[in-house]
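Observations on the model geometry
In case you want the letters, here they are:
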There are 2 protein chains.
Amino acid sequence: MMKTTWTAALRVDDGFRLEDVDPGGTPGFTGSKQQGEKELAARREHLGDLQERLFAGSRSGEAQDAVLLVLQAMDSAGKGGIVRHVVGGVDPQGVELAAFKAPTDEERAHEFLWRIEKRLPRPGFIGVFDRSHYEDVLIGRVRRLAEPAEIERRYGAIADFERRVAASGIRIVKVMLHISPDEQKERLMERLDRPDKHWKYNPGDVDERMLWDDYMAAYQTVFDRTSTPVAPWHVVPANSKWYARLAVQELLIAALEDVDPQWPVADFDVAAEKKRLAAS
Amino acid sequence: MMKTTWTAALRVDDGFRLEDVDPGGTPGFTGSKQQGEKELAARREHLGDLQERLFAGSRSGEAQDAVLLVLQAMDSAGKGGIVRHVVGGVDPQGVELAAFKAPTDEERAHEFLWRIEKRLPRPGFIGVFDRSHYEDVLIGRVRRLAEPAEIERRYGAIADFERRVAASGIRIVKVMLHISPDEQKERLMERLDRPDKHWKYNPGDVDERMLWDDYMAAYQTVFDRTSTPVAPWHVVPANSKWYARLAVQELLIAALEDVDPQWPVADFDVAAEKKRLAAS
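What comes next concerns the included structure. Just so it is clear, the model here is predicted, and its values are computed rather than measured.

All names here are of chain B. Of all 9 residues in strand β4 (residues 170-178), 8 are buried, a share of seventy percent or more. Pairing of strand β1 (residues 66-73) with β4 involves 8 bridges; the strand directions are parallel. Within β4, the residue paired with Leu 68 across the bridge is Ile 172. When β4 meets strand β5 (residues 233-237), the two strands line up parallel, connected through 5 bridges.

Rendered as structure tokens:
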């Protein structure tokens, strides 16, 4: 099955080493870019169908299932493109999107998971986190925004939190989009070359870029400490945008197929309603 | 200009009478369904481009512009289809969608505009209200959910509220999707005929349908009292789904063209950043 292939090819298991992943690779897919784009479009309908069933199933108040896509990456790796081209393919009425920026003063005054918990998807929804609680152990660690003991504590807190979230009925799909430093340089340079892209450029991106190795080490620790059976990480090579979009779409499809949502049975008398409607 | 045609053809002006509108009409468009669908797809890119400029302009914290699409209609008129096929055509990262159901106890304890104000779009966003504060003078009036004096008060409160919202930089696009009772009967019957549509059917829909004339009178009063220069109503014939989608897309485009959002100028030294990036 294709879903098994994709999930298995991208999942972070015991012994995983980020440095072994080729950001230019296309694991699980042997076709060309053109074939990949065709496949992305072809499978969109299936994703949309699954999403509608998930949503429908929750309307009666019975099914508690939801899906949460967590997106993490270095700048310009393509999180926005995933939201636009993959998430954008399903009905916006079934999507809850949360973009986490640097925490506000109010958020900082609370435990780091406080603002995250508030944005978990309701039953029936596909939630998308554009950045997430992982920033607190990524930039948090690299930039030493908290004491080492607090950073250490967070890995366990995250694993506990995600276990509880998964038990509540939310399928967690964690994705790191992995690009190479050269690819990032090219993409940032394009933003500088095009006035219509200047708004996407932030001088701070280069500051973080200069700490590339530190970030990769922080990601490796994230994978070691928080890739669990109920909330595994997936590292998606992202130098090829078309491949990353196709891969994330397949990961979402696999999560939804795992839920296997069914059309709910009518909680009213269909024949009686037909008569009543016909007479109205 | 096409935008002038559409806006003018659909806008509620002095002397407007809902009963004069043919729900099967296609004002402002003389083509076939096939041409309409082609036009919808062709204009999507323009809407997406305008949305991205709107979003970009707000990132620097300078531009305060936003757009708010308010959707009202009888059941099955196609609000969901507008969200899916028109709003769904733009980047979900720039959209804030709010679906207003029957108010909760907490919401009921507040003034009726309290829950509305909280969901206004932030600068740079396209907000979409699937139902809105107008329910409080539609079902509120028809079902006598409040005293007549309170209902009366609300029209003025709404006009004041929208004047303030418009002054804050939010372009308000108010749309009533107008279907005929026969068309509604057909659509509801289809929901009853198809098990995969049962979840969309609510026996209460037939109860409201039986009060059709009361609802049309309540809409007429809404138009008389709340179609203002800064927040005019548009009545969009909706028996043809393809037409309604095309028309609403054009109304959104016209609102965004009115904002005329520009790519923001870089607030950093582009040449210096290129050097810094190249050296990194």
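Its volume calculated, the second largest pocket comes out at about 540 Å³. In terms of lining residues, the second largest pocket is bounded by 20 residues, among which Gly 88 of chain A together with Arg 44, Gly 88, Gly 89 and Val 90 of chain B are the most central. Going through the elements one at a time, α3 (79-85) of chain A together with α2 (33-59) and α3 (79-85) of chain B are the ones with two or more residues in the lining of the second largest pocket. Considering each element in turn, the lining of the second largest pocket owes the most residues, 5 residues, to α2 of chain B.

Okay, the packing of aromatic side chains next. All names here are of chain A. In the structure shown here, the tally under the stated rule is 24 aromatic pairs over all chains. Arranged with centres 5.5 Å apart and planes meeting at 90°, the rings of Phe 16 and Phe 223 form a pair that is edge-to-face. One end of the pair, Phe 16, is in the loop between α1 (2-10) and α2 (33-59); the other, Phe 223, is in helix α10 (residues 212-226), with 207 residues separating them in the sequence. On the accessibility criterion, Phe 16 (16% relative accessible area) is buried. A relative accessible area of 2% places Phe 223 in the buried class. In textbook terms, an aromatic cluster arises when at least three aromatic residues are bridged by ring pairs, as seen for Phe 16, Tyr 134, Tyr 219, Phe 223 and Trp 233.

To continue, consider the relation of the copies chain B and chain A. Between chain B and chain A, the superposition needs a rotation of 180° and an axial shift of 0.0 Å, giving an RMSD of 0.0 Å. The superposition of one copy onto the other is thereby described by a two-fold rotation axis. The residues that chain B uses at the interface reappear at the interface of chain A in 100% of cases, marking a shared surface.

This part is about the interface of chain B and chain A. With 41 residues of chain B at the contact, the number on the chain A side is 41 residues. Of the roughly 4000 Å² buried between chain B and chain A on both sides combined, carbon and sulfur atoms contribute 64%. Scanning the region where chain B abuts chain A turns up 8 salt bridges. A salt bridge links Arg 84 of chain A to Glu 52 of chain B; the shortest N-O distance between them is 3.9 Å. Remark: the boundary between chain B and chain A carries 16 residue pairs in polar contact (both at pLDDT 80 or more). Elements with a minimum of two residues in the side of chain B that touches chain A: α2, α3, α8 (181-193), α9 (203-209) and α12 (270-279) of chain B. With 6 residues, the single largest contributor to the side of chain B that touches chain A is α12 of chain B. Among the residues making up the side of chain B that touches chain A, the classes are represented as 21 nonpolar, 5 polar and 15 charged.

This part is about the environment of Leu 177 of chain A. Residue and element names in this part refer to chain A. The residue Leu 177 is located in strand β4 (residues 170-178) in this model. The class of Leu 177 is buried, set by a relative accessible area of 1%. Each C-alpha atom of the pair Leu 177 and Arg 209 lies 15 Å from the other, and the pair is 32 residues apart in sequence. Excluding residues within four positions of it along the chain, Leu 177 makes contact with Gln 72, Ala 73, Met 74, Ala 77, Gly 78, Lys 79, Ile 82, Val 236, Ala 238, Ala 244 and Val 248.

Here the focus is the environment of Val 90 of chain A. Residue and element names in this part refer to chain A. Within the secondary structure, Val 90 is located in the loop between α3 and β2 (95-99). A C-alpha to C-alpha distance of 22 Å links Val 90 and Ala 238, two positions 148 residues apart in sequence. Residues contacting Val 90, with those up to four places away along its chain left out, are Leu 47, Gly 48, Gln 51 and Val 95.

Moving on, we come to the pattern of salt bridges. All names here are of chain A. As enumerated under the stated definition, the model contains 56 salt bridges over all chains in all. For the salt bridge of Glu 96 with Arg 122, the shortest nitrogen-to-oxygen distance reads 2.5 Å. Of the two residues, Glu 96 sits in strand β2 while Arg 122 sits in the loop between α5 (114-117) and β3 (126-130), which places them 26 residues apart along the sequence. Linking Glu 183 and Arg 187 is a salt bridge whose minimum nitrogen-to-oxygen distance equals 2.8 Å. With Glu 183 and Arg 187 both in helix α8 (residues 181-193) and 4 residues apart, the pair spans about one turn of that helix. Of the residues examined, Arg 187 reaches a relative accessible area of 8% and is grouped as buried. Counted as one network, the salt bridges with shared partners bring together Glu 111, Glu 150, Arg 153 and Arg 154.

What follows covers the sheet that holds β2 of chain A. Strand-to-strand pairing in sheets goes through backbone hydrogen bonds, with the strands running parallel or antiparallel. Residues and elements named next belong to chain A. An order of β2-β3-β1-β4-β5 is seen for the 5 strands of this open sheet, with the pairing classed as parallel. Edge strands, defined here as strands with exactly one partner in the open sheet, are β2 and β5 (233-237). Pairwise comparison of adjacent strand axes, ignoring direction, gives a mean angle of 20° for this sheet. Across 5 bridges, strand β1 (residues 66-73) lies against β3 in parallel orientation. Paired with Leu 69 across the bridge in β3 is Val 128. Packing against the sheet, helix α11 (residues 241-259) makes contact with β1, β3, β4 and β5, and its axis sits at approximately 165° to β4.

All names here are of chain A. Under the counting rule described, the total for this entry stands at 4 cavities of 30 Å³ or more. In this model, the largest cavity occupies a volume close to 50 Å³. Lining the largest cavity are Ala 77, Gly 78, Gly 81, Ile 82, Leu 177, Arg 187, Ala 238, Lys 241, Ala 244 and Arg 245. Counting residues per element, the ones that place at least two in the lining of the largest cavity are α3 and α11. Examining the composition of the lining of the largest cavity, we find that 3 residues originate from one element, α11, more than from any other. Partitioned by chemical class, the residues of the lining of the largest cavity number 5 nonpolar, 2 polar and 3 charged.

Ranked by size, the top nonpolar core spans 77 residues in total, and within it Leu 69, Val 175, Leu 177, Phe 223 and Val 236 of chain A carry the most contacts. Excluding anything up to four places from it in sequence, Val 175 of chain A contacts Leu 69, Val 70, Leu 71, Gln 72, Trp 233, His 234, Val 236, Val 248 and Leu 251 of chain A. Counting residues in each nonpolar core, the second largest holds 76 residues, with Trp 6, Phe 16, Val 137 and Ile 172 of chain B among its members.

The rules behind the values
- Residues numbered from 1 in each chain as written.
- Chains lettered and ligands numbered in written order.
- Predicted model: local features only at pLDDT ≥ 70, side-chain atom pairs only at ≥ 80, totals over all residues.
- Heavy atoms only, no water.
- Buried < 20%, exposed > 50% of the residue type's maximum accessible area, 1.4 Å probe, protein only.
- Helix = DSSP H or I, 4+ residues; strand = E, 2+ residues; numbered from the N terminus.
- Pairing = 2+ DSSP bridges.
- 1 Å grid on protein atoms, 1.4 Å probe; cavity = no way out; pocket = protein on both sides within 12 Å on 5 of 7 lines; lining within 4 Å.
- Points joined across faces, edges and corners; volume = space filled by probe spheres on them.
- Phe/Tyr/Trp six-rings, centres within 6.5 Å; stacked < 30°, edge-to-face > 60°.
- Least-squares fit on C-alpha atoms with pLDDT ≥ 70 in both.
- Contact = heavy atoms within 4.5 Å.
- Buried area = accessible area lost by both parts, 1.4 Å probe.
- Salt bridge = Lys/Arg side-chain N within 4 Å of Asp/Glu carboxyl O.
- Polar contact = N/O pair within 3.5 Å; in protein donor to acceptor, adjacent residues only side chain to side chain.
- Nonpolar A, V, L, I, M, F, W, Y, C, P; charged D, E, K, R; others polar.
- Axes fitted to C-alpha atoms, helices over the stretch in contact; angles between N-to-C directions.
- Core = buried A, V, L, I, M, F, W, Y, C linked by side-chain atoms within 4.5 Å.

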